[in-house]
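# Structure assessment
Chain by chain, the residues:
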Number of protein chains: 2
Amino acid sequence: MSLNTPPPDRLSLTLNALADPTRRAILARLSLGETTVNELAEPFEMSLPAVSKHLKVLERAGLISRTRTAQWRPCKLEPEPLKEVDMWLRDYRKMWEQRLDRLEAYLKELQAKDTPVQSAKPKDDKDGDIK
Amino acid sequence: MSLNTPPPDRLSLTLNALADPTRRAILARLSLGETTVNELAEPFEMSLPAVSKHLKVLERAGLISRTRTAQWRPCKLEPEPLKEVDMWLRDYRKMWEQRLDRLEAYLKELQAKDTPVQSAKPKDDKDGDIK
């Protein structure tokens, strides 16, 4: 039973936080620089509580940090969890790159098989003509 | 209101499917080759219905496909949605790589400032001695 519902891990927390277009749009905005919650809410035409809810999910995943001391409490993007997603993807990236390499090798093999035939054919024809 | 609850998009669907350690483990297993649901269930010590539930989420996100014709209905990893996550990450990867580049440039600048002072100093001293 406990295996069916494993405790939340950091990568799952990150992926879950990213699984929302508004939260990804907030991150995209923050990648341009620190900003306040009010500034963040503007382009999304969302209420402040709605934005705050999204920010809480992002903060819990460590994707953003909020300065506690400054009065305007700016939000800042923290790329570390994204790097972890990138690390996780690395093996799969290798997989599809290897698939591409194999496809490329196969195509080259086909071309190599083709080339002698093409260059040999006119020669054979010529020989044929001479004969 | 509708902006607060946007309709599910493909990337969100993928990220949500990946936000579970068991589902990621299933994908890791499938990256080694096609397999049946029974074989998949074994290492996870999970019931078949529990595995089937996870497979449905993965299938809905397009991360796996299941052959309908073959009697043993093998599951197969489909890397396309992972490539989309990789594409989405690209801008952020650039961001932290640029940060590293800037840090490197700054360190080089510091070293460059250090080096002439060290090599110039004895010269200045010499000139001073001559005067």
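Everything numeric in this text was worked out from a predicted model, so none of it was measured.

This next bit is on the overall build of chain A. The number of helices and strands found in chain A is five helices and two strands. Secondary structure of chain A in N-to-C order comes out as α-α-α-α-β-β-α. Scored against the burial criterion, the 131 residues of chain A give a buried share of 34%. Expressed as a percentage of contacts within chain A between residues at least 6 apart in sequence, the contacts between residues at least 24 apart total 50%. When the accessible surface of chain A is split by element, carbon and sulfur atoms take 54% of a total near 8,600 Å².

Tallying the contact residues gives 35 residues for chain B and 35 residues for chain A. Regarding the contact of chain B and chain A, the summed buried area is about 3,100 Å², with carbon and sulfur atoms giving 66% of it. Together, Arg24, Tyr92 and Trp96 of chain B form the three largest contributors to the area buried by chain B at its contact with chain A, with a combined 18%. Along the contact surface separating chain B from chain A lie four salt bridges. Arginine 24 of chain B serves as the salt-bridge partner of aspartate 9 of chain A, at 2.8 Å between the closest nitrogen and oxygen. Applying the counting criterion to the chain B and chain A interface returns eight residue pairs in polar contact (both at pLDDT 80 or more). When residues of the side of chain B that touches chain A are traced back to their parent elements, those giving at least two are helix H1 (10–18), helix H2 (21–30), helix H4 (48–60) and helix H5 (80–130) of chain B. Counting residues per element, the side of chain B that touches chain A draws most heavily on H5 of chain B, at eleven residues.

Residue and element names in this part refer to chain A. Together, Leu100, Leu103, Tyr106, Leu107 and Leu110 make up a nonpolar patch on the protein surface, roughly 490 Å² of accessible area in all. Mapped onto the elements, leucine 110 comes out in helix H5 (residues 80–130). Judged by its relative accessible area of 36%, leucine 110 is partly exposed.

Below, the discussion takes up the relation of the copies chain B and chain A. The pair of chain copies shares a relation made of a rotation about an axis and a shift along it. At an RMSD of 0.1 Å, chain B and chain A line up after a rotation of 180° and a shift of 0.0 Å along the axis. Within this description, the copies of the chain are treated as partners about a two-fold rotation axis. In this assembly the copies share their binding face: 100% of the residues contributing to the interface of chain B also contribute to that of chain A.

Within the structure shown, the criterion is met by twelve salt bridges over all chains. Measuring nitrogen to oxygen at the nearest pair gives 2.8 Å for the salt bridge that ties arginine 93 of chain A to aspartate 86 of chain A. Exposure remark for aspartate 86 of chain A: the relative accessible area of 7% places this residue in the buried category. The structure contains a network of salt bridges with shared partners spanning Asp86 and Arg93 of chain A together with Asp86 and Arg93 of chain B.

Right, let's get into H1 of chain B. Residues Leu11, Ser12, Thr14, Leu15, Ala17 and Leu18 of chain B constitute the buried set of H1 of chain B. The backbone nitrogen of leucine 11 of chain B lies 3.3 Å from a side-chain oxygen of the residue at the head of H1 of chain B, namely aspartate 9 of chain B.

Moving on, we get to the side chain of arginine 24 of chain A. For arginine 24 of chain A, the location among the structural elements is in helix H2 (residues 21–30). Beyond its immediate chain neighbours, meaning those up to four positions away, arginine 24 of chain A contacts Leu18 and Ala19 of chain A together with Asp9, Leu11, Ser12, Leu15, Trp88 and Tyr92 of chain B.

On to the confidence of the model for chain A, then. In this model, chain A carries an average pLDDT of 83, and 81% of its residues clear a pLDDT of 70 or more. H5 of chain A is the least confidently modelled element of chain A, averaging 76 in pLDDT, while helix H1 (residues 10–18) of chain A averages 97, the highest of any element.

All names here are of chain A. Of note, leucine 40 is situated in helix H3 (residues 37–44). Classification of leucine 40 by relative accessible area gives buried; the value is 0%. Remark: the alpha-carbon pair of leucine 40 and valine 51, spanning eleven residues in sequence, is separated by 7.7 Å. When neighbours within four sequence positions are excluded, leucine 40 is seen to be in contact with Ile26, Arg29, Leu30, Thr35, Val51, Leu55 and Cys75.

About the cut-offs
- Residues numbered from 1 in each chain as written.
- Chains lettered and ligands numbered in written order.
- Predicted model: local features only at pLDDT ≥ 70, side-chain atom pairs only at ≥ 80, totals over all residues.
- Heavy atoms only, no water.
- Helix = DSSP H or I, 4+ residues; strand = E, 2+ residues; numbered from the N terminus.
- Buried < 20%, exposed > 50% of the residue type's maximum accessible area, 1.4 Å probe, protein only.
- Contact = heavy atoms within 4.5 Å.
- Areas by Shrake-Rupley, 256 points an atom, 1.4 Å probe, with all protein chains shown as cover.
- Buried area = accessible area lost by both parts, 1.4 Å probe.
- Salt bridge = Lys/Arg side-chain N within 4 Å of Asp/Glu carboxyl O.
- Polar contact = N/O pair within 3.5 Å; in protein donor to acceptor, adjacent residues only side chain to side chain.
- Patch = residues over 30% accessible without salt bridge, like charges linked within 9 Å, V, L, I, M, F, W, Y side chains within 5 Å.
- Least-squares fit on C-alpha atoms with pLDDT ≥ 70 in both.
- pLDDT = per-residue confidence, 0-100.

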